[in-house]
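Given next are the chains, with one letter for each unit.
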Amino acid sequence: MAAAAPGVAPVRARFLTSKERFHAYLRAGGEEEEEEKEEKKEKKEEEQVSEPPAKRVKAEELSQDGESQGNAGEEEKERPEEKKRARGQNRSRPCMKPTCYEQSRLCPSVTQGCAGQCHFGPRCRFLHDVSQYLAAKPADLGRRCVLFDTFGRCPYGVTCRFGQAHLGDGHQNLVNAALARQWEGKVLVRNGLSKELQQQLRKRKFSFHKAEEFLRGLRAGKGGRATGGSTEGSNCTDHQEGPRDGLVLQEQGEDARAEDLPGSRGAEGAPKRGVLQGSRGAEGAANPEVLQSSRGAESAAKPDTLLNPQGAEGAANPEALQGSRGAEDAPTPEVLQNSQRAEGAANLDTLLNPQGAEGAANPEVLQNSQGAEGAPSIPTLGPLTDEDVTKLRPCEKKKLEIQGKLYLAPLTTCGNLPFRRICKRFGADVTCGEMAVCTNLLQGQSSEWALLKRHHTEDIFGVQLEGAFPDTMTKCAELLNRTIDVDFVDINVGCPIDLVYKKGGGCALMTRSNKFEQIVRGMNSVLDVPLTVKIRTGVQEKVNVAHKIIPRIREWGASMVTLHGRSREQRYTRSADWAYIAECARLASPMPLFGNGDILSYEDANRAMQMGVSGIMIARGALIKPWLFTEIKEQRHWDISSRERLDILKDFTNYGLEHWGSDTQGVEKTRKFLLEWLSFLCRYIPVGLLEHLPQKINERPPYYLGRDYLETLMASQNVDDWIKISELLLGPVPPSFTFLPKHKANSYR
């Protein structure tokens, strides 16, 4: 049997077909298969002798896409423009927002049942007449509303495109009271942007105490070391708990002294100068020298406990909390000793417990814990966190133990909340929101804050920030630290697109080491959760620099690094360099390093783990087949049927209607993201059709006929066929509907 051409997936010959027959089969709705099945089978056997089908399919693909492979050099020279357009994004694609598909919209005040309370009055640009709206409303898309069936109530009322499921006489919105009571008081999605916070950000009235303190240190010429994190945060567990035992956030306000960096690790794994012992705390009194050095050069503590979501269990007097802070100068050793007397004026457990004491704090201890200038003590009411008395040591910071877990990469556009729910269902352990631009978050843009939302099923969740300068990144980190609930924050140093790179962000930070260091140290100094970094091998294709940067990232205070085994110039072409990832994993130790690139089967995942990485991050593999997480955990190939794959798409649309809404705007937004995902799903080749396993992520699927019509339809790379799939789930598209995927396929070269 003829072997597949290089770069083409090895599909069994009896399933292969030509481009013309493939599309003719889909146009005929699958009827052609029954009529000409025997004739095609005989014809394919004859073609096998004269010309391998894979080569013929290859030539046809080259004539269609303009991409050169093998001996197609002359064709490439004739059409250089088409090759250039095949890279990156479809920049000239039509931009049709979901709001454009509805000419007349009903005022939200009417939908929510308070029509007389419209704040805009006669100036409102939306309709207030329900009958007028229903006259122009498109027909319903189905008889069942997922929101009504799940929660007992649809908040979109008459605007719901499945309204017949819950609209009674007089267009009254019905409620299933028994089902609605089951969801009362439950928060399904967190990390939303409140109107109050949005106004503070827009009017620039949000206070950034910690960030401004760090930036003052930068302006004073301290290079971010005065209040930035040091490596001592990882030393608490480096040798006593074993390498890569947990991700430890570095201490806020910690002075990174050059003599402490190597000394705290030791030569043969033995800690030096009592750093490990002092940072973990002894049975009796704490070491004043170690405590003093870990407080920070400019401030003993930060004056914003009230805004910290990890505050005390009960209410506390704001003046008392502020008064118990340290002064601008570092505290003396005697003050620290008085504030940590073993089982004396204050209980040691009370001082060291990050969740705050059970009872009221001792005023004498608060007075002794004040700064050198001797600010007056103010009596306090209620429980008080120990942050005001004793700063958390690095080893007491929150840990993120994800070694060996499956990490779903932050995926721009496609890595939305409904898609992450699909991946969680199939076994993803760690999820991360889409890349968010820090400047947009600081401006209070609702669309950017939507990227931070977290579903309650995401038990280990982080957000990824992109920025180019330490002031905006540090302020954004402090903003998120005080307003949302996440388990870690990731810095994007791997984005290859020109829009980000030319502004100094993404991959460009790998060439701007000073700014990179200031960003990592600054964000680490204001965060209470671990800080991670995602990078590539470098900027230029054959010039790897990650091995030089990773040890420095560890020194700057990051808790983990994820390395994508390609450079910026490669983007997603050719294979990821896992040998280089293994080398970087050895250099990163004891800091955990996750590897990323070309994982599409459990064999790929097993080979990656053998490289010595702490875990693997899965990106395009999850887009092509989200059940990859199940395959890895169960160590098997899943020959999933077309009907099962359609059920996955149904779940995605239901999750999308829950998240974006069941009105026209929500339906079309769900359709848009479904189509973006289908541009990746079509690259999957069913297990039963492959000549040998597994499928490689950089192998181009040839034209083939599946085992049924639906399987063939899902293999189409034609936008019209993707739209046809969306209509099976979300009804017909609007008359003026257009779609072009955001990203072009550039990964098969």
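The numbers attached to residues start from 1 for each chain and follow its sequence in the written order. The predicted origin of the model limits local features to residues at a pLDDT of at least 70 and limits the giving and counting of side-chain atom pairs to 80 or more, whereas totals for whole chains, interfaces and linings rest on all residues. Only hydrogens and water are removed before side-chain values are computed, so all heavy atoms of the structure are retained for them.

Draft legend 1. Layout of the overall build of the protein. For the protein, the helix and strand inventory stands at 34 helices and 12 strands. A burial count over the protein gives 55% of its 749 residues as buried. Under the convention used here, a 1.4 Å probe and the Shrake-Rupley method define accessible areas, while residue burial counts only the protein chains that appear. Surface exposure of the protein reaches about 32900 Å², of which carbon and sulfur atoms provide 48%. Runs of E in the DSSP output that reach at least two residues are strands. Runs of H or I that reach at least four are helices, and both are numbered from the N terminus. Only protein chains enter the accessibility calculation, which uses a 1.4 Å probe; a residue is then buried when its area is under 20% of its type maximum, exposed when over 50%, and partly exposed in between.

Draft legend 2. Main features of the packing of helix α31 (residues 642-660) against helix α34 (residues 719-730). Packing of α31 against α34 leaves a shortest axis separation of 10 Å and a crossing angle of 65°. Put simply, α31 runs roughly perpendicular to α34. Along this stretch, α31 crosses α34, giving a crossing that reads as right-handed. Only Ile725, Leu729 and Leu730 of α34 make contact with α31, whose side of the interface consists of Leu646, Leu649, Lys650, Thr653 and Leu657. With axes taken as lines fitted to C-alpha atoms, and helix axes fitted only over the stretch in contact, angles between N-to-C directions fall between 0 and 180 degrees. Relative orientations are named as follows: roughly parallel for angles under 35 degrees, roughly antiparallel for angles over 145 degrees, roughly perpendicular for angles from 65 to 115 degrees, and oblique for any other angle. Helix crossings fall into two classes, left-handed where the near helix is turned counterclockwise from the far one by less than a right angle and right-handed where it is turned clockwise. Contacts: residue pairs with any heavy atoms within 4.5 Å of one another.

Draft legend 3. Up close: the packing of aromatic side chains. Pairs were defined over the aromatic rings of Phe, Tyr and Trp, the Trp ring being its six-membered one, requiring ring centres within 6.5 Å. Orientation was assigned from the angle between planes: stacked under 30 degrees, edge-to-face over 60, tilted for the rest. By the definition in use, this model includes 12 aromatic pairs. Between Phe151 and Trp183, the ring centres sit 5.0 Å apart and the planes meet at 70°, which makes this aromatic pair edge-to-face. Of this pair, Phe151 sits in helix α8 (residues 146-151) while Trp183 sits in the loop between α9 (177-182) and β1 (189-190), and the two are 32 residues apart along the sequence. Residue Trp183 is classed as partly exposed on the basis of its relative accessible area of 28%. Where Trp660 meets Phe673, the ring centres are 4.7 Å apart and the plane angle is 15°; that geometry is what we call stacked. Taken together, the positions of Trp660 in helix α31 and Phe673 in helix α32 (residues 664-681) put the pair 13 residues apart, joining distant regions of the chain. The exposure class assigned to Trp660 is buried, which follows from its relative accessible area of 17%. Judged by relative accessible area, Phe673 falls into the buried class, the value being 14%. Counting every residue linked through ring pairs, the aromatic cluster contains Tyr407, Phe488 and Phe594. A ring is scored as having a charge over it whenever the NZ atom of a lysine or the CZ atom of an arginine sits within 6 Å of its centre and within 35 degrees of its normal. Of note, Arg421 hangs over the ring of Tyr655, and the distance from its end group to the ring centre comes to 3.8 Å.

Draft legend 4. Layout of the environment of Ile549. Mapping Ile549 onto the fold places it in helix α26 (residues 546-556). Put simply, Ile549 and Ile535 are 14 residues apart on the chain and 9.5 Å apart in space, counted from C-alpha to C-alpha. Other than its neighbours up to four places away in sequence, Ile549 contacts Met510 and Phe516.

Draft legend 5. The arrangement of the pattern of salt bridges in detail. Within this document, salt bridges are pairs made up of a side-chain nitrogen of Lys or Arg and a carboxyl oxygen of Asp or Glu, the two lying within 4 Å of each other. Evaluation of the coordinates by the stated rule reveals 24 salt bridges. In this structure, Lys424 and Asp459 form a salt bridge, with 2.6 Å as the shortest nitrogen-oxygen distance. Here Asp459 lies in the loop between β6 (454-455) and β7 (461-466) and Lys424 lies in helix α20 (residues 417-425), a separation of 35 residues in the sequence. One salt bridge connects Glu711 with Arg707, and the closest N-O pair in it is separated by 3.0 Å. For Arg707, a relative accessible area of 37% puts it in the partly exposed group. Each of Arg190, Arg454, Asp485 and Asp487 takes part in one network of salt bridges that share partners.

Draft legend 6. Inspection of the environment of Lys672 at higher detail. As for its placement among the helices and strands, Lys672 is situated in helix α32. Here Lys672 falls in the partly exposed class, since its relative accessible area comes to 32%. In this structure, the C-alpha to C-alpha distance between Lys672 and Pro741, residues 69 residues apart in sequence, is 9.1 Å.

Draft legend 7. Focus on helix α23 (residues 470-483). Any helix carries an expected span of 1.5 Å times its number of residues minus one. With 14 residues, α23 should cover 20 Å at 1.5 Å per step; its first-to-last C-alpha distance of 20 Å lies within 8% of that length. Of all 14 residues in α23, 11 are buried, a share of seventy percent or more. Of the residues making up α23, those classed as buried are Pro470, Thr472, Met473, Thr474, Cys476, Ala477, Glu478, Leu479, Leu480, Asn481 and Arg482.

Draft legend 8. A look at the sheet that holds strand β8 (residues 488-493). Pairing between strands is defined by DSSP: at least two bridges between them are needed. The strand order across the open sheet built from eight strands is β4-β12-β11-β10-β9-β8-β7-β5, with neighbouring strands paired in parallel fashion. With partners counted over all chains shown, the strands left at the sheet margins are β4 (406-408) and β5 (431-437), one partner each. Direction aside, neighbouring strands of the sheet carry axes that sit 25° apart on average. Sheet topology note: the β5/β7 ladder contains five bridges and is parallel. Paired with Ala436 across the bridge in β7 is Leu465. α20 contacts β4, β5 and β7 of the sheet and is inclined by roughly 160° relative to β5.

Draft legend 9. Highlighting the pairing of strand β12 (residues 615-618). Here β12 shows no split at all, with Gly615 and Met617 on one side and Ile616 and Ile618 on the other all buried. Sheet analysis places β4 next to β12, joined by three bridges and oriented parallel. Bridge pairing in β12 places Tyr407 opposite Met617. Of the pairings in the sheet, the one linking strand β11 (residues 593-596) to β12 comprises three bridges and is parallel in character. Looking across to β12, one finds that Gly595 is bridged to Ile616. With the strands aimed away from the viewer, a crossover counts as right-handed if its path from the first strand over the helix to the second runs clockwise. Handedness of the β-α-β unit built from β11, helix α28 (residues 602-609) and β12 comes out right-handed.

Draft legend 10. Representation of the side chain of Arg554. Assignment of secondary structure puts Arg554 in helix α26. Here the positive residues are Lys and Arg and the negative ones are Asp and Glu; neither His nor the chain ends is included. The charged side chain of Arg554 is buried without a salt bridge, its nearest counter-charge being Glu555 at 4.9 Å.

Draft legend 11. Just the state of the cysteines, in detail. Disulfides are defined as cysteine sulfur pairs within 2.5 Å. Counted according to the given criterion, the structure contains zero disulfides. Between Cys160, a free cysteine, and Cys145, which holds the nearest cysteine sulfur, the sulfur-to-sulfur gap is 3.8 Å.

Draft legend 12. Structural detail: the nonpolar core. The set of buried Ala, Val, Leu, Ile, Met, Phe, Trp, Tyr and Cys residues whose side-chain atoms join them within 4.5 Å is what this entry labels a nonpolar core. Of all hydrophobic cores here, the largest spans 136 residues; its most connected members are Met523, Ile535, Ile550, Leu593, Ile616 and Leu649. Of the residues forming this core, the biggest block, eight residues, is contributed by α32.

Draft legend 13. Representation of unusual backbone geometry within the structure. Following Ser589, the chain continues into Pro590 via a peptide bond in cis, with omega recorded as 10°. Among the secondary structure elements, Pro590 is positioned in the loop between α27 (578-588) and β11. Of the consecutive residues Leu693 and Pro694, the connecting peptide bond is found in the cis state with omega at -5°. One can find Pro694 in the loop between α32 and α33 (709-714). The residue Asn191 is not glycine, and still its phi comes out positive at about 70°.

Geometry only, nothing functional implied.
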